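Descriptive analysis of the structure
Residue strings, one per chain:
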Amino acid sequence: MNLSREYVLVLWPALARGAGQTLLIFLLTLILSLPLGLPVALGGISRLWPLRILSRVYVWLFRGTPLMLQLFFFYYGLGIMAGQYDLPFLRLDRFPAVIVTFSLNYAAYFAEIYRAGIQSIDSGQYEAAKTLGFTRTQTMFAIIIPQTLRRIIPPVCNETITLVKDTALATVIGVAELLKAARDASNRDTNTAPYFLAAAGYLAITFVLTLVYQKLEKRFGRHEREAI
Amino acid sequence: MTDYIVELDRVHKRYGEVEALRGVTLRVRRGEQVAIIGSSGSGKSTLLRCINHLESIDGGSVGIDGMILAETVAGRVRYRREAEIRRLIMRTAMVFQHFNLFGHLTCLENVTIAPIRIKRENPAEVRDRALELLRLVGLSGKANAYPGELSGGQKQRVAIARALAIRPSILLFDEPTSALDPEITGEVLKVIRQLAAQGHSMVLVTHEMGFAREVADRVAFMDDGMIVEEGRPANIFGHPKSERLRLFLQAVL
């Protein structure tokens, strides 16, 4: 292994670009999947059974199959279908395919966390809101969801840390994220140092995230010092 | 407008095979305070919850402020449409055994949220009124505290202020002191006593016999899903007619 200053400087540009891609996949996936999880969660507890079925099937499909398979499907599978059925809009480039797959996949996990959070709120909250004249929708958005925030922050944070590492899967369809950059360098130079540097990169990202989450938990914890 | 704020007529309620209410009739006049007593499982809370549609009735009728909320036509219970139900039940306000304050909101926000967000009243006016209500229940200093920072008695007093904030025609108290330590029930009872003295209409489901006797104009004794006996407190507690009431009073007094 060569971890000399000169070698690290040679590796740095490619690894930094890779880390940039990793961060971009991470952020875009979060921006899309965090909100997308909410309608899926609400569908899952809806009074309308078709919505419930739809939501549960969605969650089942995306949690029940490997993320890598989903990645292959959205990149290669849709590409093949685009050719066979003459539907060119189905063909996704590598990067958009990753974002679409990850967002849909993580939305399913977030939806389950949201649903558990919503269902953990005491029924007395719904009753109090109802007697004060709230509709079901008003109750959900003004009373229930704000109170789930603190409870769902730990599991959501946990999930996002998994996402940091899952971004490495993008390498299987050739997206130049951090792991791919490290592997290319390692293969080229027959050297294990790039892997160590990549590991340091992932660790740095998850470390920063952990700090951010601690802040978040403190901030949203103010009103729940004890049970209501 | 009729004299009655709440009119329950031959109300039935079933939970599966269990008949929780077996044809209960109860009318509450404007300005009247009615206490409902009875052992656990007698149907008191269920009856109260049928007034504001927290439970749906299976027979009979419910009227609020002279308007029908639900009635039985040709053997089928018909409720008003959802928006109308909501408007009607806002003429009532409930104080719960377990407070059910909104934990993510301060005391002040708990009191103002319904008038501002639901009734669309002027926020500044609502705020002033809410602060006045918090003063009334003796919690001026806690306006910006969260429910999690309060004692049980304080929570219940905020809950009473929240109920009053929507200016209901009648207050429904569902065992308001049952979840409190004995030494702090007094502070909640004091507030309820004050409201009764001001002539607020109320239905009070309670295990506090002394308090029921003191504040109520009328006491209804429930057993096994029916009102067995009903009358002035002095008669109910002093001269019970039915055997069941006699036994109940013996057990609790």
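In what follows, the accompanying structure is described. Everything quoted here is computed from the prediction, not taken from an experiment.

Details of the overall build of chain A
Counting secondary structure elements, chain A contains 8 helices and 0 strands. The helix and strand sequence of chain A, counted from the amino end, reads α-α-α-α-α-α-α-α. Reported as C-alpha extents along the three principal axes, the dimensions of chain A are approximately 70 × 50 × 20 Å. When each of the 228 residues of chain A is scored for burial, the buried share is 44%. Taking as baseline every contact in chain A between residues at least 6 positions apart, the subset at least 24 positions apart corresponds to 75%. Of the roughly 12200 Å² of accessible surface on chain A, 66% is carried by carbon and sulfur atoms. With 22 positive and 14 negative side-chain charges, chain A shows a separation of 4 Å between the mean positions of the two kinds.

Remarks on the nonpolar core
In this structure, F134 of chain A together with L134, I160 and F173 of chain B are the most contacted members of the largest nonpolar core, which totals 83 residues. Considering every element that reaches this core, the biggest residue donor is helix α5 (residues 152-165) of chain B, with 7 residues. Counting residues in each nonpolar core, the second largest holds 49 residues, with L30, F62, C157 and V175 of chain A among its members.

So, unusual backbone geometry
Residue and element names in this part refer to chain B. Located in the positive-phi region is R10, a residue other than glycine, with phi close to 45°. With a phi angle near 55°, R120 is a residue other than glycine that sits in the positive phi range. Its location among the elements puts R120 in the loop between α3 (107-118) and α4 (123-136).

Concerning the packing of helix α5 (residues 123-131) of chain A against helix α6 (residues 136-166) of chain A
Residues and elements named next belong to chain A. The interhelical angle for the contact between α5 and α6, taken along N-to-C directions, is 150°, at an axis separation of 10 Å. In this view, α5 runs roughly antiparallel relative to α6, as classed from their interaxial angle. Viewed along their axes, α5 and α6 form a crossing whose handedness is right-handed. Of the residues in α6, those touching α5 at Q125, Y126 and A129 are T139, M140, I143, I144 and Q147. Split into classes, the residues belonging to the contact of α5 with α6 amount to 5 nonpolar, 3 polar and no charged.

Some details on helix α6 (residues 182-197) of chain B
All names here are of chain B. Over its 16 residues, α6 extends 23 Å from the first C-alpha to the last, a length consistent with the 22 Å expected when each residue adds 1.5 Å. Restricting attention to buried positions, one finds in α6 the residues T185, V188, L189, V191, I192, L195 and A196. Where the residues of α6 are buried, they touch β3 (33-37), α4, α5, β8 (170-174), β9 (201-205) and α7 (209-215). At the C-terminal side of α6, G199 shows a positive phi close to 90°.

Thresholds, definitions, all that
- Residues numbered from 1 in each chain as written.
- Chains lettered and ligands numbered in written order.
- Predicted model: local features only at pLDDT ≥ 70, side-chain atom pairs only at ≥ 80, totals over all residues.
- Heavy atoms only, no water.
- Helix = DSSP H or I, 4+ residues; strand = E, 2+ residues; numbered from the N terminus.
- Buried < 20%, exposed > 50% of the residue type's maximum accessible area, 1.4 Å probe, protein only.
- Contact = heavy atoms within 4.5 Å.
- Areas by Shrake-Rupley, 256 points an atom, 1.4 Å probe, with all protein chains shown as cover.
- Lys, Arg positive; Asp, Glu negative; His and termini not counted.
- Charge placed at Lys NZ, Arg CZ, Asp CG, Glu CD.
- Core = buried A, V, L, I, M, F, W, Y, C linked by side-chain atoms within 4.5 Å.
- Axes fitted to C-alpha atoms, helices over the stretch in contact; angles between N-to-C directions.
- Parallel < 35°, antiparallel > 145°, perpendicular 65-115°, else oblique.
- Left-handed = near helix turned anticlockwise from the far one by under 90°.
- Nonpolar A, V, L, I, M, F, W, Y, C, P; charged D, E, K, R; others polar.
- Expected span 1.5 Å × (residues − 1).

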